[in-house]
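Residue-level listing of the chains:
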Amino acid sequence: MKKYLLMSVAALAATAGYAQVEKASAQKMSAPKAVMQKFERGNKGNMNILKSFTNQTYYLPQGTYYGGWNKEGKGIGAAVIVAPPFTDLTFKNMMAKPTSGSWAMNGKDASSLATEEGNLMLTTSPNGMYYSPTLINGQYDYTFGENNVYYLKGQIQSLASAGMVSTTNSIPVEDGYAVLPYYAMNDHGSSQINSKVSSNTLVGYGFLEGTGYLFGAGSVTGENNVVTKAVSAAQIFNAPGADLYIEDFFLGGALSFKVGGPISGDQKITAYIINVEEVDGEYQLGKETIATFAASADDLSGFTEAVNGWSAGTGQYKGKTPYSGTVTFYNTDVDKDPLTGAESPKPVVIPAGKPFAIVISGLDQCDLGMSCIIANDEDNGVRGMVITEGGTSYSYKDKIGIRLGLDAIFEKISVPSTGFLNYESEPSFPSNKFHGWNVLRVSNDGKTVDTDELGGTNFNEGVAFVGTSTAWVDDNDTPYYDIEVEYVEGGEGWITGYQYDDRYYDASEGLSGYNMLAPTCDALPAGVKGRAARITVYGRGDVKADNTILVLQGDIDYTSGIDNAIVSKDNANTSNRMFNLSGQEVGKNYKGVVVKNGKKFLNK
């Protein structure tokens, strides 16, 4: 019996993968000096608003970001919206009479994806790329991405004939690319392909006195001609639509008038991820520090003379040569490998629905300039800020943000229950007894796993389905995902491990994005009537699945497994059983590396 998702995305939405574009060269520009304005609070940016030339409008889904280029300066020329997987994305129709319009994708009718309110809803899967929708009103239409400079200039029409919606969170390892960074930017390309194509990325012409930077080092003449130094710069990011796992962040196209870059010797630049508060419908910087990051001289890359770039320094830098490169910031809090002692920066997880900001400080102690991205007039994205010694914040009247990329991924794990596979709608399916694909029953001898109440039928799967943002393991077969067991009834330690099957994960249809998971269990001991446990799947940054897997064995029903008290997590995985690296159980006198409760230890 062929399996299909009940809620699969229409084929008309899918598109082929992107081609890759080599690093762009800089382009000299002759833009006027940007005008700053003093402000007390940042602008609210819950939605990115795009407005076509014909006033046909739709909002991009909340919780999405714009795709940018990575630290190596590689990316694509299309306008890209990056979205979390397993998510219903709503493109809000802002026409005066939304239901009078119609939707299309890739030139095909998409009315099946329209809601009663006239919006378009797209359900995403991992590693998906979808044509951006077209809103049609009579003879006029609007498609996100047609404001892309590549599209307008006609340089690479094959890549940028329209925008894209992508859930491809990570660039393939074999291409040598980092995790896809996110920029707070509009639907123009994030950089230019050679000097023939203009870009919305600028690297200078700012108001900061003494340097001419847009954001970074310099000074500001304020009220009563009082001059104060810029000490920090901040960029607010809208709330992510799923937990956002951040490994590091970087300033692409950073500037300095110093050979080799803005940091030297033992000097460090500190940056903070902080919370954002909403006051009177507007965003403002909060007071809670989520994580502290830093960049040293070792974290500079690619700083070379910007021969074709910005050369409009002011004050002490007037006429001097600028250098451009990348500055990467890493978490100062580290993880330590218990076996080797090696340290690595801890990733940070921003919870879904929580806006945040990145504040780069110490600008009065270094020569650092930051590139920017410019939004459309209609784009309600949050502006970047310059903050001076006295705490006064400034932003540009034009909607200009800091070109700040995140090496990040939307981490979301989906464990479906009902309404998932196509044959749930078949007349012979035992819907009255079925509890969900996440309820498994193990035979008394521990050798067989069935979907509860479906054993012996053609509908039996014998696995739970687990949707993950990326493949279960990396290229070295090291898991990104793991399980935690909470024992409900009948004792502990009887679930000894799990098996997973990812044969459908990269499929073009059906179960794409889903793995199949089944527990390995001991036989039911004599004298134990029945037992139950729950499995929780965890991913990067301890992000947990949206649902649990219930495992039953023996004479125990679904209701008992749900209602009985659950062992606390502190005691859930405290079995004393140990295994060597070959998976064989060993005793306490075993010498060497052992695995206990899913963690490696050196047993001496």
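Residues numbered from 1 in each chain as written. Predicted model: local features only at pLDDT ≥ 70, side-chain atom pairs only at ≥ 80, totals over all residues. Heavy atoms only, no water.

**Side note on the overall build of the chain**
- Scanning the chain for helices and strands turns up 4 helices and 45 strands.
- Residues counted as buried form 53% of the 604 residues belonging to the chain.
- If you take every contact in the chain between residues at least 6 apart in sequence, the share linking residues at least 24 apart comes to 72%.
- In the form shown here, the chain has an accessible surface area of approximately 26700 Å², with 46% of it arising from carbon and sulfur atoms. (Helix = DSSP H or I, 4+ residues; strand = E, 2+ residues; numbered from the N terminus. Buried < 20%, exposed > 50% of the residue type's maximum accessible area, 1.4 Å probe, protein only. Contact = heavy atoms within 4.5 Å. Areas by Shrake-Rupley, 256 points an atom, 1.4 Å probe, with all protein chains shown as cover.)

**Description of the nonpolar core**
- F215, L251, V327, F329, F356 and I360 are the most contacted members of the largest nonpolar core, which totals 52 residues.
- Considering every element that reaches this core, the biggest residue donor is strand β19 (residues 244-256), with 6 residues.
- Setting aside residues no more than four positions away along its own chain, I360 makes contact with V231, S232, A233, L251, I269, T270, A271, F329, M370 and L404. (Core = buried A, V, L, I, M, F, W, Y, C linked by side-chain atoms within 4.5 Å.)

**What to know about the confidence of the model for the chain**
- Residues at a pLDDT of 70 or more form 68% of the chain, whose mean pLDDT is 75.
- Confidence over residues 1-55 falls short of pLDDT 50; this stretch has 193 contacts with residues more than four positions distant or in other chains.
- The model gives residues 149-161 a pLDDT under 50, and that stretch makes 36 contacts with residues more than four places away or in other chains. (pLDDT = per-residue confidence, 0-100.)

**Quick notes on the sheet that holds strand β36 (residues 464-467)**
- Strand order in this open sheet of 3 strands is β36-β39-β38, and the pairing throughout is antiparallel. Looking at which strands have only one partner, the edges of the open sheet turn out to be β36 and β38 (495-501). Shown here is a sheet whose adjacent strand axes are inclined to one another by a mean of 35 degrees, direction ignored.
- As paired strands, β38 and strand β39 (residues 514-521) are joined by 6 bridges and run antiparallel to one another. The residue of β39 that forms the bridge with G497 is T520. (Pairing = 2+ DSSP bridges. Axes fitted to C-alpha atoms, helices over the stretch in contact; angles between N-to-C directions.)

**A short note on the sheet that holds strand β40 (residues 530-538)**
- Taken together, 5 strands build an open sheet; the order of strands is β35-β34-β41-β40-β37 and the sheet is mixed. Pairing within the sheet leaves two strands with one partner each, and these edge strands are β35 (449-451) and β37 (482-489). Shown here is a sheet whose adjacent strand axes are inclined to one another by a mean of 30 degrees, direction ignored.
- With 6 bridges joining them, β40 and strand β41 (residues 549-554) adopt antiparallel strand pairing. Its bridge partner being in β41, G530 is matched across the sheet by G554.

**Structural notes on the packing of aromatic side chains**
- Counted by the stated rule, this structure contains 20 aromatic pairs.
- Between Y423 and W437 the ring centres are 6.0 Å apart and the planes differ by 75 degrees, which places this aromatic pair in the edge-to-face class. Taken together, the residues span a long stretch of sequence, with Y423 in the loop between β33 (404-410) and β34 (439-442) and W437 in the loop between β33 and β34 at a distance of 14 residues. Comparing Y423 with W437 shows no difference in burial state: the two are buried. (Phe/Tyr/Trp six-rings, centres within 6.5 Å; stacked < 30°, edge-to-face > 60°.)

**Here's the deal with unusual backbone geometry**
- Phi is positive for F86, which is not a glycine, with a value near 55 degrees.
- Tracing the backbone through its elements, the reader meets F86 in the loop between β5 (80-82) and β6 (88-93).
- For F86, a relative accessible area of 15% corresponds to the buried category.

**What about the pattern of salt bridges?**
- For the structure shown, the criterion picks out 5 salt bridges.
- A salt bridge links K346 to D333, with the nearest nitrogen and oxygen atoms 3.7 Å apart. Of this pair, K346 sits in the loop between β25 (343-345) and β26 (348-350) while D333 sits in the loop between β23 (323-331) and β24 (334-336), and the two are 13 residues apart along the sequence. (Salt bridge = Lys/Arg side-chain N within 4 Å of Asp/Glu carboxyl O.)

**What about the side chain of S256?**
- In this fold, S256 is placed in strand β19.
- For S256, a relative accessible area of 1% puts it in the buried group.
- There is a polar contact of 3.0 Å between the side chain of S256 and the backbone nitrogen of K258. (Polar contact = N/O pair within 3.5 Å; in protein donor to acceptor, adjacent residues only side chain to side chain.)

**Regarding the environment of F293**
- Among the secondary structure elements, F293 is positioned in strand β21 (residues 282-296).
- A residue is classified by how much of its surface remains accessible, and F293, at 0% relative accessible area, is buried.
- When the C-alpha positions of F293 and V359 are compared, they lie 9.8 Å apart, and in sequence the two are 66 residues distant.
- Setting aside its immediate chain neighbours within four residues, F293 contacts E247, D248, F249, I269, T270, A271, I273, F329, Y330, N331, T332 and V348.

**Brief notes about the pairing of strand β20 (residues 268-279)**
- Across 11 bridges, β20 lies against β21 in antiparallel orientation. Opposite I269, over in β21, you have A295 as the bridge partner.
- Here β20 runs beside strand β27 (residues 356-361); their pairing, made up of 5 bridges, is antiparallel. Bridge pairing in β27 links A271 to I360.

**Focus: the environment of Y140**
- Relative to the helices and strands, Y140 is located in strand β12 (residues 140-143).
- Exposure remark for Y140: the relative accessible area of 40% places this residue in the partly exposed category.
- When the C-alpha positions of Y140 and G101 are compared, they lie 10.0 Å apart, and in sequence the two are 39 residues distant.

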